[in-house]
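Listed below, chain by chain, are the residues.
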Amino acid sequence: MTDAAVLELHEPLWSDFVRAAPGALPFHEPAWASLLAECYGYRAFARAVMNGVGITAGLPVLEVPSLLGGKRWVSLPFTDHCAPLTNGGEPGLAQALDEARQAAGISQLEVRAPLTGRDTYATGAGLLHVLDLAPDPNTVFRHFKPPVRRHVRNAERSGVSVHRGESAADLTHTFYRLHLMTRRRQGIPVQPRRFFDLLWHRFLARGRGFVLLASVGDEAVAGAVFLTGNGTVIYKYGASDPRALALRPNHAVFWAAIRWACENGYRTLDFGRTDFGHDGLRAFKSGWGAREQSLVYATVADKLPRRSAGHFGKVAKTFIQGSPQWVCRGAGELLYRYAA
């Protein structure tokens, strides 16, 4: 017999289940959902299916408000993929989630992974690129496409140096400056600075990830944030100064991350989600020899809602691109929590 349960994220029953699950990623750790909940004011919990022995399946959930009213459950917002964790499979998970959603008066539950069951709708969400690693980084290097190998060597000859961030300021000031520059260029609101402060103290400072910064002389010109856990290094955020792109600092950063991951026994590097239509980013990730996979998300709801940024999204993008940086920052402070 199975029962559905709501658990606190840091409750030992849930955290022990996550720690023992073979498929767990850094995104499944209670610290990740708790970080998002604290930064954006979400309610955080885990939905689990249990038998007489313990948890058989479950997933972390955040309750996200809508800008126009109402709430939805997401597992998890601002997360590329987060499949439900199971102990030998649990065919009743989707039904238990649907019943819990309806009982709580929640319009929909979004899962950043496939899920099969009643009132469950699948949506293509983009592409995922995963690179298989080896103990010797030179073995991995030989599988890069020729342009990537050439760009890595060019970065070295151009004097690009890469170092790991050692203080909160490396993330919240140096990386954030580049990240704000990049987000404004893309026409996307930037996360509140407090998010990166929490990320440093909850993850990076505790050995759950790192930030790499590429410099030319004394000036940082590119950087990337990686999360680590369970044999996988996950690329989460990247940023760069467009004036230095000809020196290939992003290639220097990824090569440094790959070398470190190989030398420290990691099995895979996850390049994260690529949205459909971003052909340049797709080519960049594929050039490292990464395997391309389709990303499918599931929505549990009475009916599949329609979503489209449409004309408003295009106008907002153009407005941010043509405005001072404080507009990009202000939009993130006001609206980012609703964009989950």
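Residues numbered from 1 in each chain as written. Predicted model: local features only at pLDDT ≥ 70, side-chain atom pairs only at ≥ 80, totals over all residues. Heavy atoms only, no water.

### Section: the packing of aromatic side chains
Counted under the stated rule, the structure contains 29 aromatic pairs. With 5.9 Å between their ring centres and 70° between their planes, Tyr176 and Phe196 make a pair best called edge-to-face. In this pair, Tyr176 is assigned in helix α6 (residues 168–186) and Phe196 in helix α7 (residues 193–202), connecting sequence segments 20 residues apart. Note on accessibility: Tyr176 and Phe196 belong to one class, buried. Ring centres of Phe210 and Phe226 lie 5.2 Å apart, and the angle between their planes is 25°; this geometry places the pair in the stacked category. Taken as a pair, Phe210 in strand β9 (residues 209–216) and Phe226 in strand β10 (residues 219–229) lie far apart in primary sequence, 16 residues in all. Overall, the relative accessible area of 3% leaves Phe210 in the buried class. Connected via pairs of aromatic rings, a cluster forms that spans Phe27, Trp32, Tyr40, Tyr42, Phe78, Phe175, Tyr176, Phe195, Phe196, Phe203, Tyr237 and Tyr336. Of note, Arg164 hangs over the ring of Phe210, and the distance from its end group to the ring centre comes to 4.4 Å. Here the guanidinium or amino end of Arg208 rests over the ring plane of Phe203, the centre of that ring lying 5.6 Å away. (Phe/Tyr/Trp six-rings, centres within 6.5 Å; stacked < 30°, edge-to-face > 60°. Helix = DSSP H or I, 4+ residues; strand = E, 2+ residues; numbered from the N terminus. Buried < 20%, exposed > 50% of the residue type's maximum accessible area, 1.4 Å probe, protein only. Lys NZ or Arg CZ within 6 Å of the ring centre and 35° of its normal.)

### Things to note about the environment of Arg273
Mapped onto the elements of the fold, Arg273 is located in strand β12 (residues 268–274). Classification of Arg273 by relative accessible area gives partly exposed; the value is 31%. It is 21 Å that separates the C-alpha atoms of Arg273 and Pro22, two residues lying 251 residues apart in sequence. In this structure, Arg273 is in contact with Asp80, Ala125, Leu127, Leu128, Lys285, Leu295 and Tyr297, ignoring residues within four places of it in sequence. At a separation of 3.2 Å, a polar atom in the side chain of Arg273 contacts the side chain of Tyr297. (Contact = heavy atoms within 4.5 Å. Polar contact = N/O pair within 3.5 Å; in protein donor to acceptor, adjacent residues only side chain to side chain.)

### A closer look at the pairing of strand β2 (residues 43–50)
Taken residue by residue, a regular strand's side chains alternate between the two faces of the sheet. With seven of its eight residues buried, β2 lies for the most part within the structure. Where β2 hands over to strand β3 (residues 55–65), the hairpin turn is made up of four residues, counted between the paired strands. (Pairing = 2+ DSSP bridges.)

### A few points about the pattern of salt bridges
For the structure shown, the criterion picks out 15 salt bridges. Measuring nitrogen to oxygen at the nearest pair gives 3.2 Å for the salt bridge that ties Arg208 to Glu29. With a gap of 179 residues between them, Arg208 in the loop between α7 and β9 and Glu29 in the loop between α1 (12–20) and α2 (30–40) connect regions that are remote in the sequence. In this structure, Asp98 engages Arg101 in a salt bridge whose closest nitrogen and oxygen atoms are separated by 2.7 Å. Taken together, the residues Asp98 and Arg101, both in helix α3 (residues 93–103) and three residues apart, mark about one turn of the helix. For Asp98, a relative accessible area of 0% gives the class buried. The buried category is assigned to Arg101, whose relative accessible area is 1%. Taken together, the shared-partner salt bridges connect Arg43, Glu63 and Lys71 into one network. (Salt bridge = Lys/Arg side-chain N within 4 Å of Asp/Glu carboxyl O.)

### Considerations on unusual backbone geometry
With an omega dihedral of -5°, the bond running from Ser75 to Leu76 counts as a cis peptide bond. Here Leu76 shows up in the loop between β4 (71–75) and β5 (85–86). The backbone of Asn230 shows a phi angle near 55°, a positive value even though the residue is not glycine. Position of Asn230 relative to the elements: it lies in the loop between β10 and β11 (232–240). With relative accessibility at 39%, the residue Asn230 sits in the partly exposed group.

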